[in-house]
Every structure is written in structure tokens, then in C-alpha cells.
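Listed below are the residues making up each chain.
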Amino acid sequence: MDERFRKLVQYERVSKKAYDLAKRELRAARSSCQHEWIEAKYNPVVREEYTIPGDALGTMGEDHRGTWHVHRSEKPRWSRTCAICGKVEYTERSDEQITRTPRF
Ligand SMILES: [Zn+2]
């Protein structure tokens, strides 16, 4: 192998090891964190609308596909972040809360 490529491959290998080690150490440190959660925020999973173009004009037959439009969708989700270690957690679960206020 060319010297330049050999060095790049070596650099990639060393970097990957350092990355894996940092990831393990961060996970271990976070597992012992006492987590101070910042207020949760609404962070929905959004899929923007899109259109699948149908078959070109002039093409016919029983397997002809027309234009297909997929509407935008929003799935409720919340996230919270730890002020100490930066861990982010997500949840799609929530409790319903009904508040009643008197009306005169
Ligand atoms: Zn934490």
C-alpha cells in the first residue's frame, strides 16, 4: 500500500479506538451522574409532506400508478436534557391533565 494511504488507514484505526474509548468513558460517567433535568420541552417527530410522482403521462395499463401525496405528520414527543452531563432523553408518553376553572 502507498505510504500516504497506509498512514491514513493507521490514523483512522487509532481515531476509531480513541472514539470508542471516549464513548465508553462518557457512558460510564453518565451512568453515575445524579442528573438534574432541565424542564422538558415538546420535541415532536415531524415527517414533512411529500409527493410520489406517478407514472408518466401516456403510460396506461392496469398497473398504472397515479400521483401519491403523503400528508405531513407529527408524532408527539418530549425531550429533557441533564444540566450536568448533557444527556438527552426522549419520551412519547405523557399524562393527560384537565384543569377546571370556574366560569360565572
Ligand atoms: Zn446527568
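Residues numbered from 1 in each chain as written. Predicted model: local features only at pLDDT ≥ 70, side-chain atom pairs only at ≥ 80, totals over all residues.

Undergrad: Describe the domain arrangement of the protein, and please don't skip the residues or the numbers.
TA: Annotation of the protein at the domain level lists domain 1 (1-32) and domain 2 (35-54 + 64-93). For domain 1 and domain 2, the distance between their C-alpha centroids amounts to 31 Å. (Domains from an automatic or database assignment.)

Undergrad: For the pairing of strand S6 (residues 78-81), give the residues involved together with the corresponding values.
TA: Consecutive side chains along a regular strand alternate between the two faces of the sheet. Two elements, strand S1 (residues 41-42) and S6, share two bridges in a ladder whose sense is antiparallel. Within the sheet, the bridge partner assigned to Tyr 42 lies in S6 and is Trp 78. Here S6 folds back onto strand S7 (residues 88-91) in antiparallel fashion, the turn holding six residues, of which Gly 86 has a positive phi close to 80 degrees. (Pairing = 2+ DSSP bridges. Helix = DSSP H or I, 4+ residues; strand = E, 2+ residues; numbered from the N terminus.)

Undergrad: Please give an account of unusual backbone geometry that cites residues and values.
TA: If you check the backbone angles, His 35 has positive phi at about 30 degrees while not being a glycine. Residue placement: His 35 occurs in the loop between helix H1 (3-31) and S1. Take His 35: there are 13 C-beta atoms within 10 Å of it, and that puts it in the partly exposed class. (Buried ≥ 20, exposed ≤ 12 C-beta atoms within 10 Å, placed from the backbone.)

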